[in-house]
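Chain by chain, the residues:
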Amino acid sequence: MKKVHLGVLGYGTVGQGVAKIIQERYEQFKEMIDVDIEIKKVLVRDLSKEREIKLDEKVFTLDYKEITENDEIDIVIELTGEIDKAYDMIVSALNNGKDVVTANKAVVSKYFEEFTCIAKEKDLNFLYEASVGGGIPIIKPLYDIVKLNRVKRVRGIMNGTCNYILSKMTEEGSGYLDVLKEAQELGYAEADPSSDVNGDDTLRKLRILSTIAFKQPIIEDEILMDGISKIKASDIKLLEKNGRVIKLIGDTWNEDGTIKSIVQPVAVFKGSYFSSVNGAFNSITVEGDMVGELKFYGSGAGMLPTANAVLTDCLDIILENQKTETHGVGCDLEVKSDTISGKFYIRYEGDNKELASYADEVLSESPYVIITKEVEFKKIKQIVSDDENTAIIRIEDGDY
Ligand code: NAP
Ligand code: HSE
């Protein structure tokens, strides 16, 4: 029987999900695939913290090198949510000949090309299925899609926390902060939830998907971004009267040979596809020139769906199903998100003549709510800057 030792960096929501699935499926792994999987070491920050999923106290450590440099460990699973510290841990693991699996989109997004390069050079696996879409298989299918297709568009609802907040505010009239707290308690939100609600988490996921889909690095700085933190119940109600619901959507597309990429709240028609994706569910759609449009749907966050994706990557390594794919070669299209334009719902306070000059329709005067003519998103953002009292929502009439 093949014995596989795992080292787990981080034992929060996802780390404990990994342990729980291993505990529940231990006999099945042995019987069905002839593999004995054992968690050998676990990195945490606080040894005294009570953990829901119990492990032998001896496995816990405060020193990541006890895992990344440990000769007995075969696969290192990184689940800390850190960025630069996680980079050190992943590089140390790869340099010590370990296959690496992570759910951490922040570190993958920042160091995507470098990790892939090191893993390829060393003939190791670096897999990150859980980093996008939680439990939804999307990374592996996307690598398959790009084998035969030129991707025209990849877009979706990619943040469980934001979708949970928007859905609860819409369906139950719940308050923003109350639902954010619920999302944290349910284990959906990041340790710092501002990265969920400000759009960074969706941007990082979109950066990863876009890079694979368009076969060239599309980095964080090339993607425009706005989040949901300024949206109020009044915006939801006003748009609802017009038959629309708000969704935070990440969208990258090829427009006549130029790549455009943006994360923003979008008011879609009720009854449209994305309007039906609610709660912590996510959905990503991919449009290929041969296969047409494919839709991927499932739990975008949470302990077991995410841990399932992490362990599926581990099984792929153990069963030798997958090696790190090459990306970042093949295409060299210009990325020009600055020119993205649209019609926007804007709520703002006070008399702003510049904003008013873009109005096509005025929905309210106190506070001002306008629907703009077609205008560049960047232009509106420049006028609004970081004003806490202004919300911008794209009005989408297309097929969403
Ligand atoms: P979490 O609950 O905050 O757990 C993080 C764990 O990492 C904790 O056990 C913490 O230790 C440990 N840790 C953090 N920084 C550390 C450091 N510098 N040194 C040692 N240990 C450290 O996070 P999570 O929700 O499990 O998420 C883990 C990763 O998966 C994140 O990258 C997240 O974005 C990603 N992810 C999460 C979900 C989800 O639904 N939660 C879904 C998809 C992807 P202590 O417990 O001792 O504090
Ligand atoms: N915080 C993330 C979310 C976790 O809410 O989608 C899953 O990546």
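The paragraphs below set out a description of the structure included in this document.

Thresholds applied
Residues numbered from 1 in each chain as written. Chains lettered and ligands numbered in written order. Predicted model: local features only at pLDDT ≥ 70, side-chain atom pairs only at ≥ 80, totals over all residues. Heavy atoms only, no water. Helix = DSSP H or I, 4+ residues; strand = E, 2+ residues; numbered from the N terminus. Rg over C-alpha atoms; globule rule 2.2 N^0.38 Å. Buried < 20%, exposed > 50% of the residue type's maximum accessible area, 1.4 Å probe, protein only. Contact = heavy atoms within 4.5 Å. Lys, Arg positive; Asp, Glu negative; His and termini not counted. Charge placed at Lys NZ, Arg CZ, Asp CG, Glu CD. Pairing = 2+ DSSP bridges. Axes fitted to C-alpha atoms, helices over the stretch in contact; angles between N-to-C directions. Near = heavy atom within 4 Å. Polar contact = N/O pair within 3.5 Å; in protein donor to acceptor, adjacent residues only side chain to side chain. Areas by Shrake-Rupley, 256 points an atom, 1.4 Å probe, with all protein chains shown as cover. 1 Å grid on protein atoms, 1.4 Å probe; cavity = no way out; pocket = protein on both sides within 12 Å on 5 of 7 lines; lining within 4 Å. Sits in = over half its atoms within 2 Å of the grid points. Nonpolar A, V, L, I, M, F, W, Y, C, P; charged D, E, K, R; others polar. Core = buried A, V, L, I, M, F, W, Y, C linked by side-chain atoms within 4.5 Å. Right-handed = clockwise from strand over helix to strand, strands pointing away. Points joined across faces, edges and corners; volume = space filled by probe spheres on them.

1. Topic: the overall build of the protein
At step 1: Summing up its helical and strand segments, the protein has 13 helices and 18 strands in all.
At step 2: Relative to its length of 400 residues, the protein is compact, with a C-alpha radius of gyration of 22 Å against a globular reference of 21 Å.
At step 3: Expressed along its principal axes, the backbone C-alpha trace of the protein runs to roughly 70 × 45 × 35 Å.
At step 4: Here the protein holds 400 residues, and the buried ones make up 55% of them.
At step 5: Across the protein, contacts joining residues at least 24 apart in sequence account for 72% of those joining residues at least 6 apart.
At step 6: For the protein, the separation between the mean place of its 50 positive charges and that of its 71 negative charges on side chains is 2 Å.

2. Side note on the sheet that holds strand β1 (residues 2-9)
At step 1: Read from one edge of the open sheet, 6 strands run β3-β2-β1-β4-β5-β6, paired in parallel fashion. Each having just a single partner strand, β3 (60-61) and β6 (126-127) make up the two edges of the open sheet.
At step 2: Pairing analysis gives 4 bridges linking strand β4 (residues 75-78) to strand β5 (residues 99-102), with the strands arranged parallel. Note that in β5 the partner of V76 across the bridge is V100.
At step 3: Contacts between helix α1 (residues 13-33) and the sheet are confined to β1, β2 (35-43) and β4, with β2 contributing the most and set at about 160 degrees to the helix.

3. As for the site of ligand 2
At step 1: For ligand 2, the set of nearby residues contains 13 residues, the closest of which are K105, G160, T161, Y188 and E190.
At step 2: In the model, a nitrogen atom of ligand 2 is placed 2.8 Å from a nitrogen or oxygen of the D196 side chain.
At step 3: With the chains in place, 93% of the 250 Å² that ligand 2 exposes on its own is no longer accessible.
At step 4: When atoms are counted within 2 Å of each cavity's grid points, the one that captures over half of ligand 2 is the largest pocket.
At step 5: For the shell around ligand 2, the secondary structure elements donating two or more residues are α6 (160-172) and α9 (200-213).
At step 6: Residue composition of the shell around ligand 2, grouped by class: 4 nonpolar, 4 polar and 5 charged.

4. Brief notes about the nonpolar core
At step 1: Counting residues in each nonpolar core, the largest one holds 74 residues, and the members touching the most others are Y128, I139, L209, I228 and V286.
At step 2: F29, I77, M303 and I318 belong to the second-largest nonpolar core, a separate cluster that totals 32 residues.

5. As for the pairing of β1
Residues in a regular strand point their side chains to alternate faces of the sheet.
At step 1: In terms of residue burial, β1 counts as a mostly covered element, since 6 of its 8 residues are buried.
At step 2: For β1 and β2, the ladder comprises 8 bridges, and the chain directions are parallel. Considered in β2, the bridge of K2 is made with V35.
At step 3: Since β1 and β2 lie parallel, the crossover through α1 that links them has a hand, and here it is right-handed.
At step 4: Sheet topology places β1 next to β4; 4 bridges connect them, and they run parallel. Bridge pairing links L6 to I75 in β4.

6. With respect to the layout of surface pockets
At step 1: Roughly 1300 Å³ of volume is contained in the largest pocket.
At step 2: If you trace the largest pocket, you find 50 residues lining it, with L79, T80, G81, E190 and A191 closest to the centre.
At step 3: Only α1, α3 (84-95), α4 (105-121), α8 (194-197) and α9 provide two or more residues apiece to the lining of the largest pocket.
At step 4: Here the residues of the lining of the largest pocket sort into 17 nonpolar, 18 polar and 15 charged.

7. Thoughts on the site of ligand 1
At step 1: Neighbouring residues of ligand 1: 25 residues in total, closest Y11, R51, E82, E190 and G302.
At step 2: A distance of 2.7 Å separates an oxygen atom of ligand 1 from a polar atom in the side chain of E190.
At step 3: Protein contact buries 90% of the 900 Å² of open area that ligand 1 shows by itself.
At step 4: Here ligand 1 occupies the largest pocket.
At step 5: Taken together, the residues of the shell around ligand 1 sort by class into 8 nonpolar, 9 polar and 8 charged.

8. Here's the deal with the pairing of strand β15 (residues 359-365)
At step 1: Of the strand pairs in this sheet, β15 and strand β16 (residues 368-372) are connected by 5 bridges, and their pairing is antiparallel. Residue pairing across strands places E361 opposite I371, the latter belonging to β16.
At step 2: Linking β15 to β16, which pair antiparallel, is a turn of 2 residues.

9. So, empty space enclosed by the protein
At step 1: Counted by the stated rule, this structure contains 2 cavities of 30 Å³ or more.
At step 2: By volume, the second largest cavity amounts to about 60 Å³.
At step 3: Taken together, D226, G227, I228, K230, I231, P265, K381, V384, T390, A391 and I392 make up the lining of the second largest cavity.
At step 4: At the level of secondary structure, the elements contributing two or more residues to the lining of the second largest cavity comprise α13 (377-384) and β18 (391-395).

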